[in-house]
Amino acid sequence: MDVKIFGVIGAGQMGNGIAQVAAASGLNVIMNDINQDFVARGLATISKNLQRNVDKGKLTASEKEAVLGRIKTSVDIKDMAAADYVVEAASENEAIKFKIFESLEEVCPAHAILASNTSSIPIGRIAAHTKRPGKVIGMHFMNPVPVMKLVEVICGLATSAETLEVTLALIKRMDKTPAQSNDFPGFIANRILMPMINEAVFCLYHGVGTKEDIDTVMKLGMNHPMGPLALADLIGLDTCLAIMETLHQGLGDSKYRPCPLLRQYVEAGWLGRKSGRGFYSYE
């Protein structure tokens, strides 16, 4: 299948990054969100990212304008009727994602593939909210999307071979590297990463070390570019909690129980960088 128009639902941190790399690969993009402020902010972030590349000499000013010219913004999900391939990049919340896929099922043409950027929710569960489960797939980009090379690909039980083939081709077109995971909660990336972050939060909760010392051990001792608590702040503590809850509920093992301190921070509105306060202060 020839993908000419690429839709993105969500203009936030992940959505605008996906829209940027898709447009940079030559695709015409429709970036949708629920209000004009969100899409305007997403487009401004893309422009800022591209300008940074212009300043570094990696991109010309005319190339930047060409990329921006391929992105159309939208606040009406019905605009996805023009898309051949749509990626949902909304909050890591089952109810929100299910509603979006139900809406996409109604408005998208029969040939359109519907992908989710979910980081933990099983694809089969999402596909069940459409009448085209063979055309539903997981396309999990890493954050920040323009920088990170990996895209985790997840097929549900019903995902067709053609859907997988088209998805892999798109990922390579965007100059990314695909890695395939079977359809288990958390897939590969977050099945490994989130319990590590959760354990770091437990270390803080139990007073094993300060946040600085916990992060320093993992950076200098394990050669991680960022400590787990700082990484949690970057990802968003609400997202980390949602993924841990999906792992805990989906796998039924107590080792995936979210740390009470993580839940306490989220309930207090301390979500990390996006709220100005998480394990560290960003105000």
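Residues numbered from 1 in each chain as written. Predicted model: local features only at pLDDT ≥ 70, side-chain atom pairs only at ≥ 80, totals over all residues. Heavy atoms only, no water.

A. Structural view of the environment of arginine 41. Its place among the elements puts arginine 41 in helix H2 (residues 36–55). For arginine 41, a relative accessible area of 51% corresponds to the exposed category. Each C-alpha atom of the pair arginine 41 and asparagine 16 lies 9.0 Å from the other, and the pair is 25 residues apart in sequence. (Helix = DSSP H or I, 4+ residues; strand = E, 2+ residues; numbered from the N terminus. Buried < 20%, exposed > 50% of the residue type's maximum accessible area, 1.4 Å probe, protein only.)

B. Inspection of the sheet that holds strand S8 (residues 177–181) at higher detail. Strand order across the open sheet formed by eight strands is S3-S2-S1-S4-S5-S6-S7-S8, with mixed pairing between neighbours. The strands lining the two open edges of the sheet, one partner per strand, are strand S3 (71–74) and S8. Between one strand axis and the next, the sheet turns by 25° as a mean value, whatever way the strands run. Taken together, the five bridges between strand S7 (residues 150–155) and S8 define a ladder with parallel strand orientation. In the strand pairing of S8, glutamate 152 is matched with alanine 179. Contacting strand S2 (28–32) and S3, H2 crosses the sheet at an angle of about 160° to S3. (Pairing = 2+ DSSP bridges. Axes fitted to C-alpha atoms, helices over the stretch in contact; angles between N-to-C directions. Contact = heavy atoms within 4.5 Å.)

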